[in-house]
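Structure at a glance
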Amino acid sequence: GERERKRKRMRSITMDSAFVPPVWKRTTAASALTCRGGGRRVTRALPCSYRSRACTHSIGVASSRFASSLPCSPSFRPTCKTSVFRFLAVARATGRSEHHVVAVSRPEEVECDVCIVGGGPAGCTCALYTSRAELKTIVLDKNNTTGALAITSTIANYPGVDKTMPGQQLLNEMQKQAEDFGTDYRRAQVFLVDVQGEYKYVYTPDATFKARALVLSTGAMGRKPSFKGEDTYLGRGVSYCATCDGAFYRDEEVVVTGVTQEAVEEAQYLTKFASKVHWVTGKDVSGVPFADDLLACSNVRQWENSRLISIQGDDSGVTGVTLKQRGQEEEEKLATRGVFVYVAGQLPITDFCQASGVEFNVEGNHESGVKVNEEMATNVAGVYAIGDIRNTPYKQVVVAAADGCIAAMAIDKYLKGRKKIRVDWVHE
């Protein structure tokens, strides 16, 4: 009787409403919803992709009986924030929250003065200056080995450094210098920012960061889809983040393509869940850090001198891939439900802030880069953009560092209510 009526009410929930009550405004997109369905506690995890190399995230939703109506279904893929907001909003607006939402688990919330998304030369320089100005600064960086500077073999045109210095070494020293002045550097995956308000919120799977000023410095290593089917099945089997989506493929075979340290680290993470990790490598991996450790894993198979041709699927998501080995005429099919892509590119990484209200150089075109003024400030008060994310034609380490300095001094002025810039040195 009552149990069946509850089931029918749950099935009647739809996600068409765009209404978001103010009370839910600060609900984090990383929340996991656990609901009751059929008289027992059940959860179902569906991938919800926010299109970026740096962003795929999963949300636990209620009974699979009405999963097809949720915004994370294959037919509708908005931002993670929208998905959770709409689920909670509709549940609350229809009076179902008390009956069906058993628990909403919220990640840790960390407060700071300045949150910098991206730990390249621009982000590290900005952190150095803001930390010296006694502003609590947090840098969130997905991986400090995959940026434009990190993959540069030698730096011969950065003032004051040895011409044989590798880019990774220079970046490590920049990071250490910022940390020495108090910067809190964290490895974290940012999938969404909320900048509408006095405080800026930055969402990661493990924590929400609340900052008085936000700096966007994710660089320009984004790219357009490289493989047929990649865009079609993004969020439905195609992922750019093993940490976010790896658990979906427990005891299943997955494919990883890419010959970078990031690809190796992500593939190693997948070995914890997948029954077999197929690593597709188009070139020699002998110089890739930790590649030997990965290949030593019993559930890893390397496809040497092979390339990913296409990704196949159906309404349920990815079903397989097509591979081709160098020197072979015939292509080979491989059944899989998960494909993890780690290929570099040259587009500004802005997907995580597309819905934030931040303006781009070309209206409506996030690939054009974030629009800033001479102080590196965006159209949103307290939000700044530095480095290659601006899509500047001068993609140089020294230029990125200069951007970081300018933004930091502007932030110091903004947060402390000054009318003029205060220099970072004192003449006696």
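The structure we're discussing is the one just above.
None of these values were measured; they are calculated from a predicted model.

Overview of helix α7 (residues 261-270)
- By the criterion of burial, α7 is predominantly enclosed, with seven of the ten residues buried.
- Considered for burial, the residues of α7 that qualify are Gln261, Glu262, Ala263, Val264, Glu266, Ala267 and Leu270.

Focus: the packing of aromatic side chains
- Evaluated as defined, the whole model comprises two aromatic pairs.
- Residues Tyr249 and Phe340 carry aromatic rings whose centres are separated by 5.7 Å and whose planes lie at 80° to one another, so their mutual orientation is edge-to-face. Here Tyr249, found in the loop between α6 (242-245) and β13 (253-257), pairs with Phe340, found in strand β19 (residues 338-341); they are 91 residues apart in sequence, far enough to count as distant.
- Residue Tyr249 is classed as buried on the basis of its relative accessible area of 6%.
- Judged by its relative accessible area of 0%, Phe340 is buried.

Comments concerning the nonpolar core
- Among the nonpolar cores identified, the biggest contains 25 residues, and Cys115, Leu140, Val193, Val202, Phe209, Leu214 and Leu216 are the most heavily contacted of them.
- Elements represented by at least two residues in this core include exactly β6 (108-117), β7 (137-141), β11 (207-216) and β22 (383-385).
- If one sorts the elements of this core by residue count, β11 sits on top with five residues.
- Setting aside anything within four residues of it in sequence, one finds Phe209 in contact with Val110, Cys115, Ile138, Leu140, Arg186, Lys200, Tyr201, Val202 and Thr204.
- Counting residues in hydrophobic clusters, the runner-up holds 23 residues, among them Leu135, Val215, Ile386 and Leu415.

Points about the environment of Val215
- Mapping Val215 onto the fold places it in strand β11.
- Judged by relative accessible area, Val215 falls into the buried class, the value being 0%.
- Once the C-alpha coordinates of Val215 and Ala385 are considered, the two residues, 170 residues apart in sequence, prove to be 5.6 Å apart.
- Contact partners of Val215, with chain neighbours within four places excluded, come to Val114, Cys115, Ile116, Val117, Cys126, Tyr384, Ile386 and Ile411.

Topic: the sheet that holds strand β16 (residues 306-314)
- Pairing is antiparallel across the open sheet formed by three strands, whose spatial order is β16-β17-β18. Both edges of this open sheet fall to β16 and β18 (332-335), since each of them pairs with a single strand only. Ignoring which end each strand starts from, the neighbouring axes of this sheet average 30° apart.
- Of the pairings in the sheet, the one linking strand β17 (residues 317-325) to β18 comprises four bridges and is antiparallel in character.

Details of the environment of Leu234
- By secondary structure assignment, the location of Leu234 is in the loop between β11 and β12 (238-239).
- Owing to a relative accessible area of 2%, Leu234 belongs among the buried residues under this scheme.

Quick look at helix α4 (residues 121-132)
- Over its twelve residues, α4 runs 17 Å from end to end, which matches the ideal 16 Å to within 8%, given 1.5 Å per residue.
- Taking burial as the measure, the twelve residues of α4 include ten buried ones, the bulk of the element.
- Inspection of α4 places Pro121, Ala122, Gly123, Cys124, Thr125, Cys126, Ala127, Leu128, Thr130 and Ser131 among the buried residues, and these make up the whole buried set.
- Summarising the contacts, the buried residues of α4 are in contact with β6, β7, α5 (167-180), β11 and α9 (397-415).
- One or two positions beyond α4, positive phi appears at Glu134, with a value near 65°.

A closer look at the side chain of Thr281
- With respect to the helices and strands, the residue Thr281 is situated in the loop between β14 (276-280) and α8 (291-295).
- With a relative accessible area of 0%, Thr281 lands in the buried category.
- Those residues within four positions of Thr281 in sequence are excluded, and the remaining contacts are Val259, Gln302, Trp303, Glu304, Asn305 and Ser306.

Observations concerning the sheet that holds β12
- The strand order across the open sheet built from five strands is β12-β19-β13-β14-β15, with neighbouring strands paired in parallel fashion. Since the sheet does not close on itself, it has two edges, and those belong to β12 and β15 (300-303), each with one partner.
- The strands touched by α7 within the sheet are β13, β14 and β19, with β13 carrying the most contacts at an inclination of about 170°.

Thoughts on the pattern of salt bridges
- Tallied over the entire structure, the rule returns eleven salt bridges.
- Here Glu111 and Lys210 are joined by a salt bridge, their closest N and O atoms 3.9 Å apart. Taken together, the residues span a long stretch of sequence, with Glu111 in strand β6 and Lys210 in strand β11 at a distance of 99 residues.
- Here Glu111 falls in the partly exposed class, since its relative accessible area comes to 45%.
- Between Glu262 and Lys142 there is a salt bridge; the shortest N-O distance is 2.7 Å. Here Glu262 is found in helix α7, whereas its partner Lys142 is found in the loop between β7 and α5, with 120 residues between them in sequence.
- What you see here is one network of salt bridges that share partners, running through Asp412, Lys416 and Arg418.

Observations regarding unusual backbone geometry
- One non-glycine residue, Phe290, lies in positive phi territory at about 70°.
- Structurally, the position occupied by Phe290 is in the loop between β14 and α8.
- For Phe290, a relative accessible area of 43% translates into the label partly exposed.
- Located in the positive-phi region is Asn305, a residue other than glycine, with phi close to 50°.
- With respect to the helices and strands, the residue Asn305 is situated in the loop between β15 and β16.

Things to note about the pairing of β7
- Of all five residues in β7, five are buried; the element is thus mostly enclosed.
- With burial as the criterion, each face of β7 is covered, one bearing Thr137, Val139 and Asp141 and the other bearing Ile138 and Leu140.
- Pairing analysis gives four bridges linking β6 to β7, with the strands arranged parallel. Counterpart to Val114 in the pairing with β7 is Thr137.
- Handedness of the β-α-β unit built from β6, α4 and β7 comes out right-handed.
- Here β7 pairs with strand β8 (residues 184-187) via four bridges, running parallel. Residue pairing for β8: Ile138 is matched across the bridge by Asp184.
- For the handedness criterion, the β-α-β arrangement of β7, α5 and β8 is classed as right-handed.

Definitions and limits used
- Residues numbered from 1 in each chain as written.
- Predicted model: local features only at pLDDT ≥ 70, side-chain atom pairs only at ≥ 80, totals over all residues.
- Heavy atoms only, no water.
- Buried < 20%, exposed > 50% of the residue type's maximum accessible area, 1.4 Å probe, protein only.
- Helix = DSSP H or I, 4+ residues; strand = E, 2+ residues; numbered from the N terminus.
- Phe/Tyr/Trp six-rings, centres within 6.5 Å; stacked < 30°, edge-to-face > 60°.
- Core = buried A, V, L, I, M, F, W, Y, C linked by side-chain atoms within 4.5 Å.
- Contact = heavy atoms within 4.5 Å.
- Pairing = 2+ DSSP bridges.
- Axes fitted to C-alpha atoms, helices over the stretch in contact; angles between N-to-C directions.
- Expected span 1.5 Å × (residues − 1).
- Salt bridge = Lys/Arg side-chain N within 4 Å of Asp/Glu carboxyl O.
- Right-handed = clockwise from strand over helix to strand, strands pointing away.

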